[in-house]
Amino acid sequence: MESAQNAPAPTPDPAPVPATTPVSEAEAAEAVGAEAEAGPAAAPRRRVGRTVALIAVAAVLGIIGGTAVGYGIQADREPTPLPALNQPGLAYPAKPLPKGQQPVALSAAEDRQAKADGDLRKLLVPRPAGAREAEFAPDDGWQDLASYAAGFKDESWMLEFLNESAVRRIAVRAWDSGEHRTTTVQLVQFRPSDLRGAVDHAEDQMSYMDEEKYAGNGGDALKGSGNGRYYLYPVDRKAGYLDLYQARAIFQRGDVMVDIHIFDTKKISKNDIRTLAEKQLERL
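Residues numbered from 1 in each chain as written. Predicted model: local features only at pLDDT ≥ 70, side-chain atom pairs only at ≥ 80, totals over all residues. Heavy atoms only, no water.

Draft legend 1. Structural view of the environment of R274. Along the chain, R274 falls in helix α7 (residues 270–283). Between the C-alpha atom of R274 and that of Y231, which follows or precedes it by 43 residues, the distance is 8.9 Å. Setting aside residues up to four positions removed in sequence, R274 forms contacts with L222 and Y230. (Helix = DSSP H or I, 4+ residues; strand = E, 2+ residues; numbered from the N terminus. Contact = heavy atoms within 4.5 Å.)

In structure tokens form, the structure reads like this:
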């Protein structure tokens, strides 16, 4: 006798089949017509999100793969030699100095900063032969900040600007020549700082020179200065007064801003202001 544990499972009885209800020919035809009107079953919507994601991943992998191949090709190539130096006598790396030998320091004439750190008045262009020292020129050649700022229309703004820009000192030379000509040369020096004192001062003065109430033109470039310009003003005529002509030159060299003015009752030529500015530039 088999134990109950090994006995085969009983087979379930088959589910009862419902009886078929007879359908008439008319009802069958009506059902077929309804099926035809309903049309085929709607197809399920295609899911595109996964497809787009797969395409994007493939594109990124393609870019990465192409970049890697490009780097690989470049790494396998022989390095391109640099062109030879144009100036003879130069070599790289530079030859070190012999042991115990120190580099030769620039002379005061060659070191622009050394010249400017000395007596700034000595860098002023000399007064021409036959010219007379102007009455308003300071005896010692130094101009104080207040009198310098007083020469500008907005005196208070100029004082504030110069103080904020770390102005150091102002050297001036002025002379009279001819019948009514007066010339003034000012060297405005700024202290070393993270500001661009001399550059900003020169650029600020040149920025408005093309306005009608000043020179009314953009001036001419002063060769060799890098950023300097010189200007001729239109004649200023007033009833009861002599005609007034004016010329001005502005440039910057290192930490020094140079401002040159010529006034006369007769016409001033471009050569007059340009030559004077070039002479002052050479001394800096």
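Additional details are given in the paragraphs that follow.
Draft legend 2. Geometry of the packing of helix α5 (residues 155–164) against helix α6 (residues 197–207). Across the interface, α5 lies against α6 with an axial gap of 10 Å and an inter-helix angle of 155°. Overall, the two elements α5 and α6 adopt an arrangement that is roughly antiparallel. On α6, the residues that touch W157, M158, F161 and L162 of α5 are G197, D200, H201, D204 and Q205. Its residues placed into classes, the contact of α5 with α6 shows four nonpolar, three polar and two charged. (Axes fitted to C-alpha atoms, helices over the stretch in contact; angles between N-to-C directions. Parallel < 35°, antiparallel > 145°, perpendicular 65-115°, else oblique. Nonpolar A, V, L, I, M, F, W, Y, C, P; charged D, E, K, R; others polar.)

Draft legend 3. Broad picture of the sheet that holds strand β3 (residues 181–190). Strand order in the open sheet made by the seven strands is β1-β2-β3-β7-β6-β5-β4, with antiparallel pairing throughout. Each edge of the open sheet carries a strand with a single partner, namely β1 (132–133) and β4 (220–221). (Pairing = 2+ DSSP bridges.)

Draft legend 4. The side chain of R248, seen in detail. Mapped onto the elements, R248 comes out in strand β6 (residues 245–253). Since its relative accessible area comes to 3%, R248 is described here as buried. A polar side-chain atom of R248 sits 2.9 Å from a polar atom in the side chain of Q205. If sequence neighbours within four positions are ignored, R248 has contacts with F152, Q205, Y208, M209, R229, Y230, Y231, Y233, D259, I260, H261 and I273. (Buried < 20%, exposed > 50% of the residue type's maximum accessible area, 1.4 Å probe, protein only. Polar contact = N/O pair within 3.5 Å; in protein donor to acceptor, adjacent residues only side chain to side chain.)

Draft legend 5. Structural detail: unusual backbone geometry. One non-glycine residue with positive phi stands out, namely A166, at about 65°. Looking at the secondary structure, you find A166 in the loop between α5 and β2 (167–177).

Draft legend 6. Spatial organisation of the pairing of β3. Here β3 lies mainly inside the structure; ten of its ten residues are buried. Residues R181, T183, V185, L187 and Q189 line one face of β3 and the alternating positions T182, T184, Q186, V188 and F190 line the opposite face, and both faces are buried. The pairing of β2 with β3 spans ten bridges and is classified as antiparallel. Residue pairing for β3: V167 is matched across the bridge by F190. Counted between consecutive antiparallel strands, the loop separating β2 from β3 contains three residues, among which G178 sits at a positive phi close to 65°. Here β3 runs beside strand β7 (residues 256–264); their pairing, made up of eight bridges, is antiparallel. Across the sheet, T182 pairs through a bridge with F263, a residue of β7.

Draft legend 7. A look at the confidence of the model for the chain. Residues with a pLDDT of 70 or more make up 61% of the chain, whose mean pLDDT is 78. With pLDDT under 50 throughout, residues 1–21 is counted as low confidence; its partners more than four residues away or in other chains account for two contacts. (pLDDT = per-residue confidence, 0-100.)

Draft legend 8. Region of interest: the pattern of salt bridges. Counted under the stated rule, the structure contains nine salt bridges. D119 serves as the salt-bridge partner of R121, at 3.0 Å between the closest nitrogen and oxygen. A relative accessible area of 27% means that R121 is categorised as partly exposed. Here D119 falls in the partly exposed class, since its relative accessible area comes to 27%. Where R274 meets E278, a salt bridge forms, and the shortest distance between an N and an O atom there is 3.8 Å. Here R274 and its partner E278 are both found in helix α7, four residues apart, which amounts to about one turn of the helix. (Salt bridge = Lys/Arg side-chain N within 4 Å of Asp/Glu carboxyl O.)

Draft legend 9. Representation of the pairing of β7 within the structure. Among the nine residues that make up β7, eight are buried, leaving the element largely enclosed by the rest of the structure. Where β6 and β7 come together, nine bridges link them in antiparallel fashion. Residue pairing across strands places Q246 opposite F263, the latter belonging to β7. Hairpin geometry of β6 and β7 is characterised by an intervening segment of two residues between the two adjacent antiparallel strands and by a positive phi of about 65° at G254.

Draft legend 10. View of the packing of aromatic side chains. Tallied over the full model, the rule gives three aromatic pairs. Arranged with centres 5.3 Å apart and planes meeting at 5°, the rings of W157 and F161 form a pair that is stacked. Pair noted here: W157 and F161 are both in helix α5, with a separation of four residues, about one helical turn. For W157, a relative accessible area of 37% corresponds to the partly exposed category. Ring centres of Y208 and Y214 lie 4.5 Å apart, and the angle between their planes is 50°; this geometry places the pair in the tilted category. Across the pair, exposure class does not vary: Y208 and Y214 are buried alike. (Phe/Tyr/Trp six-rings, centres within 6.5 Å; stacked < 30°, edge-to-face > 60°.)

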